[in-house]
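Chains, contacts and geometry: an overview
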Amino acid sequence: MLLASLKYAIARHAFQEENVIYTMMRDHGLTEAADHLNHDHGYVKQYFFDLGEMPADSPEWLPKVQEFRTMIVEHMREEEGELFPRLRGSLSEAQNRHVTVAMHREGVKLA
C-alpha cells in the first residue's frame, strides 16, 4: 500500500513537471536538460513497475529500493540545485508566477 501511495504522489509530481517545467525549460533553451530529466522519469516508472512485480520479501527488493532512492535523490539534486534555478533566473517575475499557477493547475487535474 505504501508503494502505491508513493507511486501516486511521484506520478502526480512528474505529470506537473513534464507538462509545465520541462516544457518551459525547452522553450528557454534548456532542451537537453529537460530531455534528460524526462528520461529519468521513465526510469522512475520502471522502478515502480519492477518493485510492484517483485515480492516484498525477495532478497533483491531492498537493494532495488536503495538503488531507486539513490536515483531519485540525484534527480532531485540536479533539478533543485542546478536546473530549476537556471530556469527561474531566465524568467521574469510574471513568468515565474505563471509557472507556479500552471503547476498547481496541472496538479488539480490529477487530484
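Chains are numbered independently. Their residues run from 1 in the order of the written sequence. Owing to the predicted nature of the model, reporting of local features is limited to residues with pLDDT of at least 70; listing and counting of side-chain atom pairs is limited to 80 or more, with chain, interface and lining totals taken over all residues. Side-chain numbers here rest on the full set of heavy atoms in the structure, without hydrogens or water.

A closer look at the overall build of the protein
So the rule is basically this: Only DSSP runs of H or I reaching four residues or more are called helices, and only runs of E reaching two or more are called strands; each is numbered from the N terminus. The contact criterion used throughout is that any non-hydrogen atoms of two residues lie within 4.5 Å. Per-residue and other accessible areas follow the Shrake-Rupley method at a 1.4 Å probe size, with only the shown protein chains counted as cover for residues.
Scanning the protein from N- to C-terminus turns up four helices and zero strands. In the protein, the proportion of contacts linking residues at least 24 apart, taken out of those at least 6 apart, comes to 70%. Put simply, the protein shows about 7,200 Å² of open surface, and 59% of that area lies on carbon and sulfur atoms.

Considering the packing of helix 2 (residues 31-53) against helix 3 (residues 61-90)
To keep it simple, the criterion reads: For helices, the axis comes from a line fit to the C-alpha atoms of the stretch in contact; other axes are also lines fit to C-alpha atoms, and the angle between any two N-to-C directions lies between 0 and 180 degrees. Angular relationships are summarised with four words: roughly parallel below 35 degrees, roughly antiparallel beyond 145, roughly perpendicular across 65 to 115, and oblique for the angles in between. Handedness of a crossing follows from how the near helix is turned relative to the far one, being left-handed for an anticlockwise turn of less than a right angle and right-handed for a clockwise one.
Interhelical geometry of helix 2 versus helix 3 gives an angle of 160° and a closest axis separation of 11 Å. Judged by the angle between their axes, helix 2 and helix 3 are roughly antiparallel. Viewed along their axes, helix 2 and helix 3 form a crossing whose handedness is left-handed. Residues A33, H36, L37, D40, H41, Y43, V44, Y47, F48, D50 and L51 of helix 2 pack against W61, K64, V65, E67, F68, M71, I72, H75, E78, E79, L83 and F84 of helix 3.

Here's the deal with the packing of aromatic side chains
Cut-off, in case you're wondering: Only the six-membered ring of Trp is used, alongside the rings of Phe and Tyr, when aromatic pairs are assigned; centres must lie within 6.5 Å, and planes under 30 degrees apart are stacked while those over 60 apart are edge-to-face, with the rest tilted. For every residue, the accessible area (1.4 Å probe, protein chains only) is compared with the maximum for its type, and the residue is labelled buried under 20%, exposed over 50%, or partly exposed between those bounds.
Taken as a whole and assessed by the stated rule, the structure comprises two aromatic pairs. The interplanar angle of 20° and the centroid separation of 5.0 Å between the aromatic rings of Y47 and F68 together place this pair among those described as stacked. Note that Y47 is positioned in helix 2 and F68 in helix 3, a separation of 21 residues in sequence. We note that Y47, like F68, is buried. When the ring of F48 is compared with that of F68, the centres are 5.0 Å apart and the planes differ by 80°; the resulting orientation is edge-to-face. Highlighted residues: F48 in helix 2 and F68 in helix 3, separated in sequence by 20 residues. A relative accessible area of 6% places F48 in the buried class. Ring pairs connect the aromatic residues Y47, F48 and F68, which therefore count as one cluster.

Any functional reading would require information beyond the geometric quantities listed.
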